[in-house]
Amino acid sequence: MNWTDLVPPGNLWIVWLLQAALAVGVVALAAGALIAILGKIPVVGPILAGIVRIIAGNYERWLSERVPKLAEQTVLSIEERYRKSALPPEERAQTKLEEAISALQQMAPGLSRDIAQRQVEAALSRIRATGMEQKAGGAK
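Residues numbered from 1 in each chain as written. Predicted model: local features only at pLDDT ≥ 70, side-chain atom pairs only at ≥ 80, totals over all residues. Heavy atoms only, no water.

1. Points about the overall build of the protein
For step 1, the next point in the chain: Within the protein, the secondary structure is distributed over five helices and zero strands.
For step 2, the next point in the chain: Listed N to C, the secondary structure of the protein is α-α-α-α-α in terms of helices and strands.
For step 3, the next point in the chain: Put simply, the protein has 140 residues, and 24% of those count as buried.
For step 4, the next point in the chain: Long-range pairs, those at least 24 residues apart, make up 48% of the contacts in the protein with a sequence separation of at least 6.
For step 5, the next point in the chain: Of the roughly 10000 Å² of accessible surface on the protein, a fraction of 64% belongs to carbon and sulfur atoms. (Helix = DSSP H or I, 4+ residues; strand = E, 2+ residues; numbered from the N terminus. Buried < 20%, exposed > 50% of the residue type's maximum accessible area, 1.4 Å probe, protein only. Contact = heavy atoms within 4.5 Å. Areas by Shrake-Rupley, 256 points an atom, 1.4 Å probe, with all protein chains shown as cover.)

So this is what it looks like as structure tokens:
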């Protein structure tokens, strides 16, 4: 085993850094420090601090919610498009997965293929779990 086996490929560094920043709360910490500095500026400081607080909160929420929601929208639209397809089930499943991954990558530029595939698979699992809960609830 070599130490380079532990280092991720180049395209994953940004994703790892972003996930670490979210986990540690670096965005919130940096925003808090900036708010404290801006708050000390006479007259316009409190207004600028409020604006930074709003932007930082929206940015954090966007990072944690955007890709999963886009993945769910993508999966639902692809499922609807292939609902009455005459393709064999295996071929249809592979085609739907490929289209969903490429559509998600178009909606969220910069997203690697591996992450897009994991997000699509997770969205599909969530959608199926919700459908199973609805079926179980309706059977009572």
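2. Regarding the nonpolar core
For step 1, the next point in the chain: Within the largest apolar cluster, twelve residues are counted, these being Leu 70, Ala 71, Val 75, Ile 78, Tyr 82, Ala 100, Ile 101, Leu 104, Ala 108, Ala 116, Val 120 and Ala 123.
For step 2, the next point in the chain: Looking at this core, the elements that each hand over two or more residues are helix 3 (45-81), helix 4 (89-107) and helix 5 (113-139).
For step 3, the next point in the chain: Ranked by residue count, the leading element in this core is helix 3, at four residues.
For step 4, the next point in the chain: Other than its neighbours up to four places away in sequence, Ile 78 contacts Lys 96, Glu 99 and Ala 100. (Core = buried A, V, L, I, M, F, W, Y, C linked by side-chain atoms within 4.5 Å.)

3. Comments concerning unusual backbone geometry
For step 1, the next point in the chain: A positive phi is found at Val 43, a non-glycine position, where the angle reads about 65 degrees.
For step 2, the next point in the chain: Mapped onto the secondary structure, Val 43 falls in the loop between helix 2 (26-39) and helix 3.
For step 3, the next point in the chain: What makes Val 43 exposed here is its relative accessible area of 75%.

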